[in-house]
Amino acid sequence: MPGSGKSTIARALSRRLQLALADSDQAIEQRLGCTIRSYFDSHGEAAFRDVEEAVIDELTRGGASQVLATGGGAVLRPINRQRLRERGTVIYLRSSPEQLFKRLRHDTKRPLLQVADPLKRLRALYDERDPLYRECAHFVVDTHGSSLPMLVNRIMMQLDLMPPPAPPPPAP
Ligand SMILES: Nc1ncnc2c1ncn2[C@@H]1O[C@H](COP(=O)(O)OP(=O)(O)O)[C@@H](O)[C@H]1O
Ligand SMILES: O=C(O)C1=C[C@@H](OP(=O)(O)O)[C@@H](O)[C@H](O)C1
């Protein structure tokens, strides 16, 4: 979801894991040469989702060698969910629409929230997306009431519990 703290938490987690940090929204804006908001305005959401799909494909080809923060709508397309889940470990940072509204009520960057009633929009997005995040994620971390260091510790513990990745198939 927009504002669930993905960028903030991914940055802290990448430091802790000593892995590179990637941010698909930043990569998209670099490719577009403009902000996501202005691209939404000029080309519409479907065109944005095409670019998002291509960037996520590229950024996940290296497997689990980095921490990747995706935009909140990355799970909408089945191919994105499949690539993310198969190529890495996916963490759903769950927040309620009410918490997200507290964080984002003054936001001007997120195109989907530039509406008369952003809380209503956040509730609709949550209802649509929560099942998709759960389908895609390897585990869920609730972000409510935890500081950033506590969240990173909880994620580290969950990662420790993950089974090791399957070995690559033998060379033919
Ligand atoms: N765990 C948290 N508790 C409170 N505020 C948070 C938390 N995580 C992020 N924030 C704040 O919420 C806003 C959105 O965070 P951001 O990392 O940009 O979210 P996203 O990348 O998911 O859209 C920022 O202002 C950030 O400081
Ligand atoms: O929820 C969404 O559909 C979107 C969230 C944004 O990213 P954040 O989740 O980082 O706000 C950005 O990708 C775009 O505005 C669409």
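- You'll find the protein entered in an unreviewed UniProt entry as Shikimate kinase, with Ottowia beijingensis given as the organism.
- As its UniProt record puts it under Pathway (unreviewed entry), the protein is described as follows: "Metabolic intermediate biosynthesis; chorismate biosynthesis; chorismate from D-erythrose 4-phosphate and phosphoenolpyruvate: step 5/7."
- Per its UniProt entry, the protein bears the Catalytic activity (unreviewed entry) comment "shikimate + ATP = 3-phosphoshikimate + ADP + H(+)".

**Section: the UniProt feature "binding site: substrate" (unreviewed entry) in the protein**
Link 1 in the chain: Residues annotated in UniProt with the feature "binding site: substrate" (unreviewed entry) correspond here to Asp25, Arg49, Gly72 and Arg129.
Link 2 in the chain: In this fold, Arg49 is placed in helix 4 (residues 45-60).
Link 3 in the chain: Apart from residues lying up to four places away in sequence, Arg49 is in contact with Leu76 and Arg77.
Link 4 in the chain: Here Arg129 is to be found in helix 7 (residues 118-136).
Link 5 in the chain: Residue classification places Arg129 among the partly exposed positions, given that 18 C-beta atoms sit within 10 Å.
Link 6 in the chain: If we ignore the near neighbours within four places in the chain, the residues touching Arg129 are Met1 and Val75.

**Points about the packing of helix 6 (residues 97-104) against helix 7**
Link 1 in the chain: Where helix 6 meets helix 7, the closest approach of the two axes is 9 Å, and the angle between their N-to-C directions is 135°. Comparing their axes, helix 7 and helix 6 come out oblique. The way helix 6 lies across helix 7 gives a crossing that is right-handed. Between helix 6 and helix 7, the contacting residues are Pro97, Leu100, Phe101 and Leu104 on the first element and Pro118, Leu119, Leu122, Arg123 and Tyr126 on the second.
Link 2 in the chain: Of the residues that constitute the contact of helix 6 with helix 7, the class distribution is eight nonpolar, no polar and one charged.

Calculation notes
Residues numbered from 1 in each chain as written. Chains lettered and ligands numbered in written order. Predicted model: local features only at pLDDT ≥ 70, side-chain atom pairs only at ≥ 80, totals over all residues. UniProt positions renumbered as here; feature names shortened; annotations may be inferred. Helix = DSSP H or I, 4+ residues; strand = E, 2+ residues; numbered from the N terminus. Contact = placed C-beta atoms within 7 Å. Buried ≥ 20, exposed ≤ 12 C-beta atoms within 10 Å, placed from the backbone. Axes fitted to C-alpha atoms, helices over the stretch in contact; angles between N-to-C directions. Parallel < 35°, antiparallel > 145°, perpendicular 65-115°, else oblique. Left-handed = near helix turned anticlockwise from the far one by under 90°. Nonpolar A, V, L, I, M, F, W, Y, C, P; charged D, E, K, R; others polar.

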